[in-house]
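# Reading the structure
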Amino acid sequence: MDTETKKSIIIGSDHAAFQLKEKIRTFIESIGIGVQDAGTFNESSTNYVDYAQKVAGAVSRGEFSRGILLCGTGIGMSIAANRFPNVRAALCSDILSARLSRQHNNSNILILGGRLIGDVLAFELIKTWLDTPFEGGRHLDRLLSIETITKI
Ligand code: RB5
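Remember, it's a predicted structure, so these values are computed and weren't measured experimentally.

### Comments concerning the pairing of strand E5 (residues 109-113)
- For E5, the buried fraction is high: 5 of the 5 residues fall into the buried class.
- Side chains Ile-109, Ile-111 and Gly-113 of E5 all project onto a buried face; the interleaved residues Leu-110 and Leu-112 project onto the opposite face, where all are buried too.
- Summarising the sheet, strand E3 (residues 67-71) and E5 pair through 5 bridges and their orientation is parallel. The residue of E5 that forms the bridge with Leu-69 is Ile-111.
- Note: strand E4 (residues 89-91) against E5, 3 bridges, orientation parallel. Across the sheet, residue Leu-91 finds its bridge partner in E5, namely Ile-111.

### Looking at the site of the ligand
- Within the structure, the ligand sits among Asp-14, His-15, Ala-16, Tyr-48, Cys-71, Gly-72, Thr-73, Gly-76 and Arg-115.
- Gly-76 has a polar backbone atom sitting 2.9 Å from an oxygen atom of the ligand.
- Burial of the ligand by the surrounding chains reaches 70%, relative to a free accessible area of 290 Å².
- The residue inventory of the shell around the ligand, partitioned by class, reads 3 nonpolar, 4 polar and 2 charged.

Criteria and thresholds
- Residues numbered from 1 in each chain as written.
- Predicted model: local features only at pLDDT ≥ 70, side-chain atom pairs only at ≥ 80, totals over all residues.
- Heavy atoms only, no water.
- Buried < 20%, exposed > 50% of the residue type's maximum accessible area, 1.4 Å probe, protein only.
- Helix = DSSP H or I, 4+ residues; strand = E, 2+ residues; numbered from the N terminus.
- Pairing = 2+ DSSP bridges.
- Near = heavy atom within 4 Å.
- Polar contact = N/O pair within 3.5 Å; in protein donor to acceptor, adjacent residues only side chain to side chain.
- Areas by Shrake-Rupley, 256 points an atom, 1.4 Å probe, with all protein chains shown as cover.
- Nonpolar A, V, L, I, M, F, W, Y, C, P; charged D, E, K, R; others polar.

Structure below.
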């Protein structure tokens, strides 16, 4: 894990994943990493885009090197977070995808579906995702080529 990530990561969720986000904050703190919690802070209905904006915005601006976002399925958060420059958000529900999203895609936001996965799996996904380095090389060339995509 890089030194910036070790210091602190930013997390956020909508109401649908509030319970899991709370458990994740405690888990991350228990492994010695600081957590900036961008909300939501209760189960009142919210718009996931607001939290995507807080977390993906902070990663996009370089204020945090890594973030975690959750909503019910993780799909809305994925769509919203990947609109931000420099953000590579990966929706993962299995360990291999979490690992490969780091090795091949240098993902800097992990997205989880709070209504789809349990807390033990979530913790394992996070551990894997935090501990796996980017492989660079040909994968870096491919990531850089994404930046050359022209908008229609
Ligand atoms: C909220 O009901 C739900 O739509 C949201 O959490 C998320 O799953 C959207 O993609």
